[in-house]
Amino acid sequence: MEPVIRINPGASKQDIRQRVWDYIEEKNLANFPRPVHNRIPNFKDAIQACNRIADLQEFKSSQIVKVNPDKPQQQARFLTLEAGKTLLVPTPRLSAGLFNKIIPPQGANKEQLRICASSQGVKGFSVPVGLDAKVKVDLVVVGSVAVSEKGLRIGKGEGYADMEYAMMSLMGAVNDTTVVVSIVHDCQVVHIPEELKESEDLTVDYILTPTRLIKTDCQHPKPQGITWSKLDSEKLEKIPILKKLCVLEEQAGKDVTLRVMPVAAEPGVPTDRTRTQTRRRPRQNRKQDSEGESKLKNRLPSERKARQPPERVRKESVEGKEDETGEKKEREKVTGGGNVKEGGGEVTSQRKLPLSVTTLYLGDIPAGLRVSELKTALKEREATPLRLTWQGAQHRAFLDYIDHHAADQALKALQDLSVHGQSLRAEMAKNQQGGRRSNRTRPSAALESKTAPDSGTGATTEQ
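Residues numbered from 1 in each chain as written. Predicted model: local features only at pLDDT ≥ 70, side-chain atom pairs only at ≥ 80, totals over all residues. Heavy atoms only, no water.

K.L.:
What should I look at first to understand the overall build of the protein chain in this one?
P.N.:
When you go through the protein chain residue by residue, the secondary structure sums to 14 helices and 23 strands. Counting the 463 residues in the protein chain, one finds 44% classified as buried. In the protein chain, the share of contacts with a sequence separation of at least 24, taken over all contacts with a separation of at least 6, comes to 66%. Accessible area for the protein chain stands at about 25000 Å²; split by element, carbon and sulfur atoms hold 47% of it. (Helix = DSSP H or I, 4+ residues; strand = E, 2+ residues; numbered from the N terminus. Buried < 20%, exposed > 50% of the residue type's maximum accessible area, 1.4 Å probe, protein only. Contact = heavy atoms within 4.5 Å. Areas by Shrake-Rupley, 256 points an atom, 1.4 Å probe, with all protein chains shown as cover.)

What follows is the structure, given as structure tokens:
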């Protein structure tokens, strides 16, 4: 079948991504979130494409299935749970481990299984799987931006799917018998030049679309491990589990030399020097550190102040008082550039906000939900506010957005939000009065300006 999107000769991976994203937007082939650029597209008729997985003999005979957490593959996660199979889902951006095992409630019905298969259910009904876990994944489902009938795949450009498979290979969780399936729209099946295939790229064995089931018969090998020379120290800092694997590989005697980074050019210094980032533990000179501290203490206050670097605004998580559920409330504290006022159970950081904001009311928040969990849910829904006012004891929160358009987009994204198995109610806050509010509004006044069934204390954090 001839691809509907023609790829020009000499096109790069990014060129192909751009062509696919542009086409999906132009033809209106995607659901929320839009636009699809820089995302795994949530294409229309994704449910029909996912339903084809039940026709695969490899799926029928599988016991452990790993499915990516993106919205277009949600139906595949539901079918996996409905079939009584073990479902593994990678943590978003690998920020908190490699993957989680979804454990539905005992005797869960279809509706409960659908909740477990959603992004919120993945958070509320899962347990982490450690690196030392002895698991054998039979089938892997990945999202893609583009795939070819020969099994080549292009993701959104961050390499997480490739890295996840490479990590599973190091764990012994996948091998040559593991089947890889990608679920995409028909227009995402394009011609991908063979020369674009790199050793760390994941290939696929089956492609499922709303109208087709394609067996690729791909002959390219899948990643057998992590190519450390393609990574840098910044990547390791962002992905803790990758950093842990690097240490284990180094202890096993493997070469874990990281990517060579060019040295920034300086006047009068040759620019042909490079430095290699390696996994080395920094040496600590305790004697030197203690001497340095004593010297600093012996300086005059005015001298110490002159030598100190300028303060920077930073966020840190601090613990608050326990609420009636016995859980500790979480809040953020801004130090350095802003003043922090505490009192009446609320914490408000006086940082500059736009003069005009639009506020959403979020109600029916389940008891025991942490503010950090809500913030993560908002981030996954692409609905992160400028400011979040948390009133967990009253089962509600208020979300400030930069303008009415941003608030309206967030409202659409939050309509089916469910946390800990309970649906949350999102709506425009009452008494918006144009949404105008001064930066200098007192913390209590900021809360009073938003109306809800009850008044109470809360914590205000800024994103």
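K.L.:
Help me out: how do you make sense of unusual backbone geometry in this one?
P.N.:
Most peptide bonds are trans, and most residues other than glycine sit at a negative phi. Across the junction of F32 and P33, the peptide omega takes the value 5°, indicating a cis bond. Across the junction of R34 and P35, the peptide omega takes the value -10°, indicating a cis bond. Positive phi, close to 65°, is recorded for N38, a residue that is not glycine. Of note, N38 is situated in the loop between helix 1 (13-26) and helix 2 (46-51). With a phi close to 55°, D217 is a non-glycine residue in the positive phi region.

K.L.:
Would you mind going over the pattern of salt bridges with me for this structure?
P.N.:
Side chains that differ in charge, positive against negative, can pair when their charged atoms come close. Considering all chains together, one arrives at 18 salt bridges under this definition. Measuring nitrogen to oxygen at the nearest pair gives 3.1 Å for the salt bridge that ties K13 to E198. With a gap of 185 residues between them, K13 in helix 1 and E198 in the loop between strand 8 (179-183) and strand 9 (206-208) connect regions that are remote in the sequence. Relative accessible area serves as the criterion here: at 17%, K13 is assigned to the buried category. We classify E198 as partly exposed; its relative accessible area is 35%. Here E164 and K66 are joined by a salt bridge, their closest N and O atoms 3.1 Å apart. Of the two residues, E164 sits in helix 7 (residues 160-171) while K66 sits in strand 1 (residues 64-67), which places them 98 residues apart along the sequence. (Salt bridge = Lys/Arg side-chain N within 4 Å of Asp/Glu carboxyl O.)

K.L.:
For this particular structure, what's the right way to read the side chain of K66?
P.N.:
The class of K66 is buried, set by a relative accessible area of 1%. Among all residues touching K66, those that are not within four sequence positions of it are L88, P90, F99, V137, L139, V140, V141, E164 and M168.

K.L.:
How should the pairing of strand 19 (residues 396-401) be read in this particular structure?
P.N.:
Taking burial as the measure, the six residues of strand 19 include six buried ones, the bulk of the element. Burial along strand 19 is two-sided: R396, F398 and D400 and A397, L399 and Y401, pointing in opposite directions, are all buried. Bridge analysis of strand 17 (residues 358-363) against strand 19 gives six bridges, and the strand direction is antiparallel. Bridge assignment links G363 to a residue of strand 19, and that residue is R396. The pairing of strand 18 (residues 387-391) with strand 19 spans five bridges and is antiparallel. (Pairing = 2+ DSSP bridges.)

K.L.:
How do you make sense of the nonpolar core when you look at a structure like this?
P.N.:
If you look at the biggest cluster of nonpolar residues, it comprises 38 residues, and the most contacted ones within it are V137, M167, M168, I226, W228 and L242. Mapped by element, the contributors of at least two residues to this core are strand 5 (139-142), helix 7 and helix 9 (240-251). At eight residues, helix 7 tops the list of elements feeding residues into this core. With 27 residues, the next largest nonpolar core counts A49, I53, V65 and V141 among its residues. (Core = buried A, V, L, I, M, F, W, Y, C linked by side-chain atoms within 4.5 Å.)

K.L.:
Any chance you could explain the confidence of the model for the protein chain here in plain terms?
P.N.:
Low pLDDT means the predicted atomic positions in that stretch should not be read closely. Residue-level pLDDT values for the protein chain average 77, and 71% of them are 70 or greater. For residues 263-307, every residue scores under 50 in pLDDT, and the model assigns this stretch 31 contacts once sequence neighbours within four places are set aside. With pLDDT under 50 throughout, residues 433-457 is counted as low confidence; its partners more than four residues away or in other chains account for 58 contacts. (pLDDT = per-residue confidence, 0-100.)

K.L.:
I keep staring at the sheet that holds strand 10 (residues 213-215) and nothing clicks. Help me out?
P.N.:
By way of backbone hydrogen bonds, the strands of a sheet pair with one another, either parallel or antiparallel. Strand order in the open sheet made by the eight strands is 4-3-2-1-5-8-9-10, with mixed pairing throughout. For this open sheet the edge positions go to strand 4 (126-129) and strand 10, each flanked by a neighbour on one side alone. The average angle at which neighbouring strand axes cross in this sheet is 25°, direction not considered. Relative to strand 3 (residues 99-102), strand 2 (residues 86-90) is paired through four bridges, and the arrangement is antiparallel. In the sheet register, P90 faces strand 3, and the bridge partner there is F99. (Axes fitted to C-alpha atoms, helices over the stretch in contact; angles between N-to-C directions.)

K.L.:
Got a minute to help me understand the packing of aromatic side chains in this structure?
P.N.:
The geometry of an aromatic ring pair is captured by the separation of the ring centres together with the interplanar angle, meaning the angle of the planes. Applying the stated criterion to the full structure yields one aromatic pair. Relative to F398, the ring of Y361 has its centre 5.7 Å away and its plane inclined at 55°; by these criteria the two rings are tilted. With Y361 in strand 17 and F398 in strand 19, this pair connects stretches of sequence that are 37 residues apart. Across the pair, F398 and Y361 agree in class, each one buried. Looking at K85, its charged tip hangs above the ring of F59, at a distance of 5.1 Å from the centre. (Phe/Tyr/Trp six-rings, centres within 6.5 Å; stacked < 30°, edge-to-face > 60°. Lys NZ or Arg CZ within 6 Å of the ring centre and 35° of its normal.)

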